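Each chain, letter by letter, is given below.
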Amino acid sequence: EDQVTQSPEALRLQEGESSSLNCSYTVSGLRGLFWYRQDPGKGPEFLFTLYSAGEEKEKERLKATLTKKESFLHITAPKPEDSATYLCAVSYSGAGSYQLTFGKGTKLSVIP
Amino acid sequence: DTAVSQTPKYLVTQMGNDKSIKCEQNLGHDTMYWYKQDSKKFLKIMFSYNNKELIINETVPNRFSPKSPDKAHLNLHINSLELGDSAVYFCASSQGLGNTIYFGEGSWLTVV
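Criteria and thresholds
Residues numbered from 1 in each chain as written. Chains lettered and ligands numbered in written order. Predicted model: local features only at pLDDT ≥ 70, side-chain atom pairs only at ≥ 80, totals over all residues. Heavy atoms only, no water. Disulfide = S-S within 2.5 Å. Helix = DSSP H or I, 4+ residues; strand = E, 2+ residues; numbered from the N terminus. Core = buried A, V, L, I, M, F, W, Y, C linked by side-chain atoms within 4.5 Å. Buried < 20%, exposed > 50% of the residue type's maximum accessible area, 1.4 Å probe, protein only. Pairing = 2+ DSSP bridges. Axes fitted to C-alpha atoms, helices over the stretch in contact; angles between N-to-C directions.

(A) Examining the state of the cysteines more closely. All names here are of chain A. In this structure the tally under the stated criterion is 2 disulfides over all chains. The side chain of Cys23 participates in a disulfide bridge whose partner is Cys88; the two sulfur atoms lie 1.9 Å from each other. Around the S-S axis, the bridge from Cys23 to Cys88 shows a dihedral of about -60° and counts as left-handed. Placement of Cys23 in strand β3 (residues 19–25) and of Cys88 in strand β9 (residues 84–92) is noted, with a sequence separation of 65 residues between them.

(B) Layout of the nonpolar core. Counting 24 residues, the largest nonpolar core has Leu33, Trp35, Leu73 and Tyr86 of chain A as its most contacted members. Only β2 (10–14), β3, β4 (30–38), β5 (45–50), β7 (62–66), β8 (70–75), β9 and β11 (106–111) of chain A provide two or more residues apiece to this core. It is β9 of chain A that contributes the most residues to this core, 5 residues altogether. Listed in part, the 20 residues of the second largest apolar core include Val4, Ile21, Tyr49 and Tyr89 of chain B.

(C) A look at the sheet that holds β7 of chain A. Residue and element names in this part refer to chain A. The 5 strands lie next to each other as β1-β3-β8-β7-β6, forming an open sheet whose pairing is antiparallel. Each having just a single partner strand, β1 (4–7) and β6 (56–59) make up the two edges of the open sheet. Ignoring strand direction, the axes of neighbouring strands in this sheet form an average angle of 15°.

Rendered as structure tokens:
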């Protein structure tokens, strides 16, 4: 059973069309939830860390929120350069060594 | 200037060969990792190395062996390469286990 599930798998948006990506998790003892952006041929680039339900963080057109079961990455008025795969990961006490467990990502395409 | 650097970026080799991927981080972190990203872009932890303690993922074949000469370096050696080993291997580091991880640019391994 997947511990971190991201939806949708792929999302196409028109430039300026706001939307949200979802990351749901089933782990207990959440230590942190992480969002990364990955461009083709590159390593994942860190965006945000959220630690507790109710926490929100923003960076340019991106805003990440966290509840006890899921996180959303809101993209406001996206631009073509926001096209990338967005990865969610969790760190939790049940993992023993607190390793980050990743979801399978959401591939975002923003069309001009 | 690169925080986490790994070499080589591309590696094409024949089945049965032995190869190594090198990784260095200049962030002063105490924990380093190797992740494998398969053709479906799913990132899976292989190893983490924290303060000289190696944490092994049980699903990794023992043909894979990490070696850490010091806190700034974590190399990955692979024996008897198989076709299924073809993937992108990412080195990463963090300050402490389960904290924000910073990734290298990846090493594309193709076994023919």
